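# Reading the structure
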Amino acid sequence: MNIELIPAIDIIGGKCVRLTKGDYATKTVYSDSPADVAETFERMGIRRLHVVDLDGARSKHVVNLDTLKEITRRTRLTVDFGGGIKSDADIEKAFACGAAMVTAGSVAVTRRELTEKWLDRFGADRIILGADVRNGKISINGWQEDTEEDIVSFLQYYISRGVKNILCTDISKDGTMQGPTFTLYEKILNTFPGINLIASGGISGMDDIKQLERIGVPSVVVGKAIYEGKIFCQQTSR
């Protein structure tokens, strides 16, 4: 397989957790040590990790920086980090704690000028545009608030300004293991050919990943399907 598998580590209170459809009341704790989980992924041959500070997403500023630092200290994984990055101080701290890339999600909606400044300052290779979608509209602040921003117009704005990496999550599927919304990703790829699209939400097993690869998705974030034993990283790492 050529599609890149990116395991997700979501953090609440310093622990590795998963939510269903972004609902904090559905929290399941999978490990008290996200760094231990990251080391396990690295031993399996994984090279890239998606880390989300769920406390930060809800608090509107980064919270779990110590956990990020421990992950990057104990592994050589390429870590992209998101959740609560809303200011220069937040993004600088994330990079200082070892993140190779950061995801700009809510801030890309609410503070476009700041996000564009980051693209210029840090480079498009280090900024991932987080496009969290519910019913075709962008959601922000840990998926607690829906906006009227349409996914296509949102992507068009930032792609025209040099964005290369886009992480698109279908909130209605996230953590459900009911299969991703293939039509959403096909629409994005057809509308914006050549982008580095990272699909996220609803992966239930290898068949889903193979189908994403068939429609041209280059990368996929997988969370619960790994933790529930539906996907084994040894089988999917490049």
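This text gives an overview of the structure that appears in the document. (Residues numbered from 1 in each chain as written. Predicted model: local features only at pLDDT ≥ 70, side-chain atom pairs only at ≥ 80, totals over all residues. Heavy atoms only, no water.)

## Quick notes on the environment of T78
One can find T78 in strand β5 (residues 78-82). The sequence separation of T78 and A131 amounts to 53 residues, and the corresponding C-alpha distance is 21 Å. (Helix = DSSP H or I, 4+ residues; strand = E, 2+ residues; numbered from the N terminus.)

## Considering helix α1 (residues 34-43)
Every buried residue of α1 is listed here: P34, A35, V37, A38 and F41. Each buried residue of α1 lies within a common arc of 155° when the element is viewed along its axis, so the set occupies one face. With its phi angle positive at about 100°, G45 sits one or two positions after the end of α1. (Buried < 20%, exposed > 50% of the residue type's maximum accessible area, 1.4 Å probe, protein only. Arc of directions from axis to C-beta.)

## Describing the state of the cysteines
For the coordinates displayed, the defined rule picks out zero disulfides. Looking at the unpaired C97, the closest cysteine sulfur is the one in C16, lying at 18 Å. (Disulfide = S-S within 2.5 Å.)

## Examining helix α3 (residues 65-74)
Residues spaced three or four apart along an α-helix face the same direction, because each turn holds 3.6 residues. Regarding α3, the residues found buried are L65, T67, L68, I71 and T72. For α3, the angular spread of the buried residues around the axis is 160°, confining them to a single face. Exposed and facing more than 90 degrees away from the buried side of α3 are D66 and R73. If you follow the buried residues of α3, they end up packed against β1 (4-12), α1, β4 (48-53), β5 and α4 (88-96). (Contact = heavy atoms within 4.5 Å.)

## Describing unusual backbone geometry
The phi torsion at K21 lies on the positive side, around 55°, for a residue other than glycine. For K21, the location among the structural elements is in the loop between β2 (15-20) and β3 (23-31). With relative accessibility at 45%, the residue K21 sits in the partly exposed group. One non-glycine residue, N135, lies in positive phi territory at about 55°. Since its relative accessible area comes to 75%, N135 is described here as exposed.

This is a description of form; function is not addressed.
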